[in-house]
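# Descriptive analysis of the structure
One letter stands for each residue in the lines below.
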Protein chains: 2
Amino acid sequence: MDRQGGYTWNHYGKGSAIGFDVCLTFELAWCLHSPICYPMLQVLISRTGPPAEVAEIAEIPMPVPGPGEVSIRMVAAPVNPADLNFLEGTYGKKAVLPCVPGMEGAGVVEAVGHDVTDLKPGMPVMPVGVVGNWTARRVLPASAVLPLPAGIDMRQAAMLSVNPATAWGLLHAAGTPASGAWVAQNAASSAAGHCVIQIAKVLGLRTVNFVRRPESAAACRELGADLVFTDDADGLAAAKAALAEQHVPVVPLLALNAVGGDSALRLLDLLGMGGTHVTYGAMGRQALKVPNGMLIFKTLTLRGFWLNQWQASLPREEEAELYAKLADWVVSGHLRQEIAAMYPLTEIKAALAHAGQSARGGKVLLDIS
Amino acid sequence: MDRQGGYTWNHYGKGSAIGFDVCLTFELAWCLHSPICYPMLQVLISRTGPPAEVAEIAEIPMPVPGPGEVSIRMVAAPVNPADLNFLEGTYGKKAVLPCVPGMEGAGVVEAVGHDVTDLKPGMPVMPVGVVGNWTARRVLPASAVLPLPAGIDMRQAAMLSVNPATAWGLLHAAGTPASGAWVAQNAASSAAGHCVIQIAKVLGLRTVNFVRRPESAAACRELGADLVFTDDADGLAAAKAALAEQHVPVVPLLALNAVGGDSALRLLDLLGMGGTHVTYGAMGRQALKVPNGMLIFKTLTLRGFWLNQWQASLPREEEAELYAKLADWVVSGHLRQEIAAMYPLTEIKAALAHAGQSARGGKVLLDIS
């Protein structure tokens, strides 16, 4: 199965008016009776490179759903770091060019194929496991679309399948965590880090968090972080002291690393015997250095976590159940992601430039509605 | 349970004749009717440091078994790298001083406590999970002693619980391996590496082996190695080419690392998607360097394997079953370890010096009989 969406529409972009002419010439008679050639906008890349350079706006005919398919009017889609890597060509899964980027988003069902019975026009939905969400409308197999609870905030819904799913997957990387267990993480003030804090709270876990900038600590505490320290040697010492002061002194058995280098090493140091250290990002752009003795005598496990691959490995029912749970937590207010700014699709270059800045204080969202 | 043996005999060494005098004075009357104060030899350390410096010969009264205990006349015991680390004080488990070193060995039951029924005088046995085997005789709880098949080569039996058990544990570090699966390893010409080759063969696995010195390749092939290369960039390229040439091109999903540094990185490179990389040694004395992207996008798992801890975690029945299987393979000739030299207990310093040399071409064994 092509998890990348396999978008094969022609590129009817600004620079290729011929495409649209052809459409007008050959399809004019039919167009008068069909919505298919109403133009609509989407983001398209035909090469990889600096995101704001390679992303273009394309105008394509409105797609219509065939049998087993659903047409979705997209409402919102975020620009994630993984999307930037995808545009740069540095993501683990390469773009099949040309293609529409956008790993997540949410929309409303507009039309369904005649044999689709479980999804109805007007239902809020999210595409799952398919790239291509930076578009006004898209047609997908019904099997790649999950319903969302009525009344859900569509901007929050648009951010459900990357960070909250990552946080859930990370917290379960060493099996189902025991209630009350401690989890350590760096990059705690990232979007994924904030999700880890919130989901850990709902699951009854406790978190010891490391942040690069001291001023990020307050937001972590507000979301329910138990302990927050700066991500340096002093912070590690303070974390050890604080954990030793617990009623029953604890060592975390799960550590979540999105940084690498020394920060990853500090998490290894904090882990207890038999602990698991999961790497899901490399913000520090430094390789992990693992002292052999620590690995052997603490019998540690180091894992790589790649959302894309993990999601693909989940049975369909489990995936649906997980997203239903995450969506409920959004509705109940237990799970919330900050939004730094919203941009219309036509301002994709500005959106990408903004998303590329560190310390944005939230997600950059495309407002497609 | 004290897995270290908890040896509490006094030090009746060369420099402390007083100890023996005391024994003679106070226990003389009883000694006339009991074997307890016949002296016997053992190796003792009262401090950690350079192995040949800290190891001394001690003379102690002959131990006798109490209820639930067994007295063993030791026959042979190897000097393993882990023993050298134990003497140096760099092993993961520290020595409780003074103590008798020696992590493995084999002997013959000499006497049993009145309530021990499953072990009989004359049976060949091996102590399991207890340090203290560099001694002419030792008393152990019957639960720390496993029977060996009659007629087994006692020198090979003495080397059963470290390298063969390590090889078995390593080959099962990612679960029960599928028949025909490929396993990669560095340090293939080490004692553990040779055991990996032989046990993999019995299990129907195939091995791609890396050796530091080209002249070590032949011995690996004789033991059943499928592919052998030098442990450098050229060897890695040759290994990739050879694996690609298989009927169904293969990537190993299990890699066993006893070196660290660049050698460990080459094994990571060779691993397929979702593979497991197990570190059980650090001969290269260089930390593991793991590129984050490789860890994440190949969804790799890195583990530390520590025999001591793994053995302690095995249910008693499983441990007994495993050693019975390994012993059978020794008897049937499927499993064999090279012996570089044998030394009497009294030449412990020479034995330790020899064991500390690299490229010995086999184990240094203490001949205790």
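Just so you know, the residues in each chain are numbered from 1, in the order the chain's sequence is written. Working convention: letters from A go to chains and numbers from 1 go to ligands, in the order in which they are written. Restriction of local features to residues with pLDDT of at least 70 applies here, the model being predicted, together with a cutoff of 80 or more for giving and counting side-chain atom pairs; totals for whole chains, interfaces and linings are based on all residues. Hydrogens are left out, water is left out, and the side-chain values use all remaining heavy atoms of the structure.

Before going further, it helps to spend a moment on the relation of the copies chain B and chain A. Take chain B, turn it by 180 degrees, move it 0.1 Å along the axis, and it overlays chain A with an RMSD of 0.0 Å. Such values leave the two copies arranged in the relation of a two-fold axis. The fraction of interface residues of chain B whose copies in chain A are also interface residues reaches 100%, indicating that both copies meet through the same surface. The atoms used to superpose the copies are C-alpha atoms, taken from residues with pLDDT of at least 70 in both, and the fit is least squares. By definition in these notes, contact holds between two residues if any of their heavy atoms fall within 4.5 Å.

This next bit is on the pairing of strand 2 (residues 55-61) of chain A. Residue and element names in this part refer to chain A. Exposure is judged per residue with a 1.4 Å probe applied to protein chains only, and the accessible area is read against the type maximum: over 50% gives exposed, under 20% gives buried, and values in between give partly exposed. The numbering of helices and of strands both runs from the N terminus, where a helix is a DSSP run of H or I of at least 4 residues and a strand a run of E of at least 2. Along strand 2, 5 of the 7 residues are buried, which leaves the element largely enclosed by surrounding structure. The criterion for strand pairing is that DSSP finds at least two bridges linking the strands in question. Bridge count between strand 1 (residues 39-45) and strand 2: 7 bridges; the pairing is antiparallel. Bridged to Ile45 within strand 2 is Ala55.

What follows deals with the confidence of the model for chain A. The quantity known as pLDDT measures the predictor's confidence residue by residue, on a range of 0 to 100. The predicted model of chain A has a mean per-residue pLDDT of 89, with 90% of residues at 70 or higher. Long-range and interchain partners of residues 1-36 of chain A, a stretch whose pLDDT sits below 50, account for 54 contacts in this model, where long-range means more than four residues apart.

In this complex, chain B contributes 29 residues to the contact, which on the side of chain A involves 29 residues. Once two parts are brought into contact, the accessible area they lose, counted with a 1.4 Å probe and summed over both, makes up the buried area. Here chain B packs against chain A, burying approximately 2300 Å² in sum over the two surfaces, 65% of which is carbon and sulfur. By the criterion of area lost to chain A, the three top residues of chain B are Asn292(B), Ile296(B) and Phe297(B), representing 26% of everything that side buries. A pair is scored as a salt bridge if a Lys or Arg side-chain nitrogen falls within 4 Å of a carboxyl oxygen belonging to Asp or Glu. On the surface where chain B and chain A come into contact, there are 0 salt bridges. Polar contact is defined as a pair of N or O atoms within 3.5 Å, subject to the rule that within protein one atom must be able to donate a hydrogen and the other to accept it, and that residues adjacent in sequence are counted only when both atoms are side-chain atoms. For the pair chain B and chain A, the number of links is 9 residue pairs in polar contact (both at pLDDT 80 or more). Going through the elements one at a time, strand 13 (288-290), helix 10 (292-297) and strand 14 (301-304) of chain B are the ones with two or more residues in the side of chain B that touches chain A. Classification convention: Asp, Glu, Lys, Arg as charged; Ala, Val, Leu, Ile, Met, Phe, Trp, Tyr, Cys, Pro as nonpolar; all other residues, Gly among them, as polar. Considering only residue class, the side of chain B that touches chain A consists of 15 nonpolar, 12 polar and 2 charged. In terms of strand pairing, strand 13 (residues 288-290) of chain A meets strand 13 of chain B through 3 bridges, oriented antiparallel. When the sheet's bridge partners are listed, Leu288(A) is paired in strand 13 of chain B with Val290(B).

Here we come to helix 8 (residues 233-244) of chain B. Residue and element names in this part refer to chain B. To estimate how far a helix should reach, multiply one less than its number of residues by 1.5 Å. Look at helix 8: 17 Å from first C-alpha to last across 12 residues, which is about the 16 Å you get at 1.5 Å a residue. Of the positions making up helix 8, those classed as buried are Gly235, Leu236, Ala239, Ala242 and Leu243. Down the axis of helix 8, the buried side of the element spans an arc of 130 degrees, and every buried residue falls inside it. Residues of helix 8 that are exposed and point over 90 degrees away from its buried face: Ala233 and Asp234. This arc is built from the directions going out from the helix axis to the C-beta atoms.

Attention shifts here to unusual backbone geometry. Residue and element names in this part refer to chain A. In this chain, Leu97 is followed by Pro98 through a cis amide linkage whose omega measures -10 degrees. Take Pro98: it is sitting in the loop between helix 3 (81-88) and strand 4 (106-112). One non-glycine residue, Arg285, adopts positive backbone phi at about 55 degrees.

For the rest of this paragraph, the subject is the pattern of salt bridges. Residues and elements named next belong to chain A. By the definition in use, this model includes 17 salt bridges over all chains. Notably, a salt bridge pairs Asp153 with Arg155, separated by 3.6 Å at the nearest N-O pair. A salt bridge links Arg266 to Asp231; the shortest N-O distance between them is 3.1 Å. Residue Arg266 is found in helix 9 (residues 261-270), and its partner Asp231 is found in the loop between strand 10 (227-230) and helix 8 (233-244); the two are separated by 35 residues along the sequence.

Further remarks concern helix 12 (residues 316-331) of chain B. All names here are of chain B. Between its terminal C-alpha atoms helix 12 stretches 23 Å, which fits the 22 Å expected from 16 residues at 1.5 Å a residue. If you check which residues of helix 12 are buried, you get Glu319, Leu322, Tyr323, Leu326, Ala327, Trp329 and Val330. Around the axis of helix 12, the buried residues are gathered within 155 degrees of arc, so they sit on the same side. Summarising the geometry of helix 12, the exposed residues directed more than 90 degrees from the buried face are Glu317 and Glu321. On its buried side, helix 12 packs onto strand 5 (124-127), strand 7 (145-147), helix 4 (154-157), helix 5 (163-171), helix 6 (191-202) and helix 11 (307-313). Gly333, located one to two residues past helix 12, shows a positive phi value of around 85 degrees.

With mixed pairing, 12 strands are arranged side by side in an open sheet as 10(A)-9(A)-8(A)-11(A)-12(A)-14(A)-14(B)-12(B)-11(B)-8(B)-9(B)-10(B). Here the strands that pair on one side only, and so sit at the sheet edges, are strand 10 of chain A together with strand 10 (227-230) of chain B. In this sheet, adjacent strand axes meet at a mean angle of 15 degrees when their direction is disregarded. Across 4 bridges, strand 8 (residues 182-185) of chain B lies against strand 9 (residues 206-211) of chain B in parallel orientation. Bridge pairing in strand 9 of chain B places Gln185(B) opposite Asn209(B). Only the stretch in contact is used when a helix axis is fitted, and all axes are lines through C-alpha atoms; the angle between N-to-C directions ranges over 0 to 180 degrees. Across the sheet, helix 5 (residues 163-171) of chain A is in contact with strand 8 (182-185), strand 11 (254-257) and strand 12 (276-279) of chain A; its angle to strand 11 of chain A comes to roughly 145 degrees. Packed onto the sheet, helix 5 of chain B meets strand 8, strand 11 (254-257) and strand 12 (276-279) of chain B and runs at close to 145 degrees relative to strand 11 of chain B.

All right, on to the packing of helix 5 of chain A against helix 12 (residues 316-331) of chain A then. All names here are of chain A. In the contact formed by helix 5 and helix 12, the axes pass within 11 Å of each other and the chain directions differ by 115 degrees. When the axis of helix 5 is compared with that of helix 12, the two are roughly perpendicular. Both helix 5 and helix 12 take part in a crossing whose hand is right-handed. Residue-level contacts link Pro164, Ala165 and Trp168 of helix 5 to Leu322, Tyr323, Lys325, Leu326 and Trp329 of helix 12. When describing relative orientation, an angle under 35 degrees is termed roughly parallel and one over 145 degrees roughly antiparallel, while 65 to 115 degrees is termed roughly perpendicular and anything else oblique. If you view the pair so one helix is near and one far, a crossing is left-handed when the near helix is turned anticlockwise from the far one by less than a right angle, and right-handed when it is turned clockwise.

Another aspect to go through is the pairing of strand 4 of chain A. All names here are of chain A. Where strand 3 (residues 69-79) lies against strand 4, 6 bridges are found, and the strand directions are antiparallel. Counted as the bridge partner of Met74 is Gly107 from strand 4. Bridge analysis of strand 4 against strand 5 (residues 124-127) gives 2 bridges, and the strand direction is antiparallel. Looking at strand 5, one finds that Gly107 is bridged to Val125.

Right, let's get into the packing of aromatic side chains. To pair, rings of Phe, Tyr and Trp, with the six-membered ring standing in for Trp, must have centres within 6.5 Å; the planes then decide the type, stacked if under 30 degrees apart, edge-to-face if over 60, and tilted in the middle. By the definition in use, this model includes 12 aromatic pairs over all chains. Seen in terms of ring centroids, Phe210(B) and Phe229(B) are 6.2 Å apart; in terms of plane orientation they differ by 40 degrees. Their pairing is tilted. A residue pair is termed long-range when its members are at least 10 positions apart, and Phe210(B) in strand 9 and Phe229(B) in strand 10 qualify at 19 residues. The same class applies to Phe210(B) and to Phe229(B), which are both buried. Within the aromatic cluster, the residues linked to one another by ring pairs are Tyr91(A), Trp306(A) and Phe297(B).

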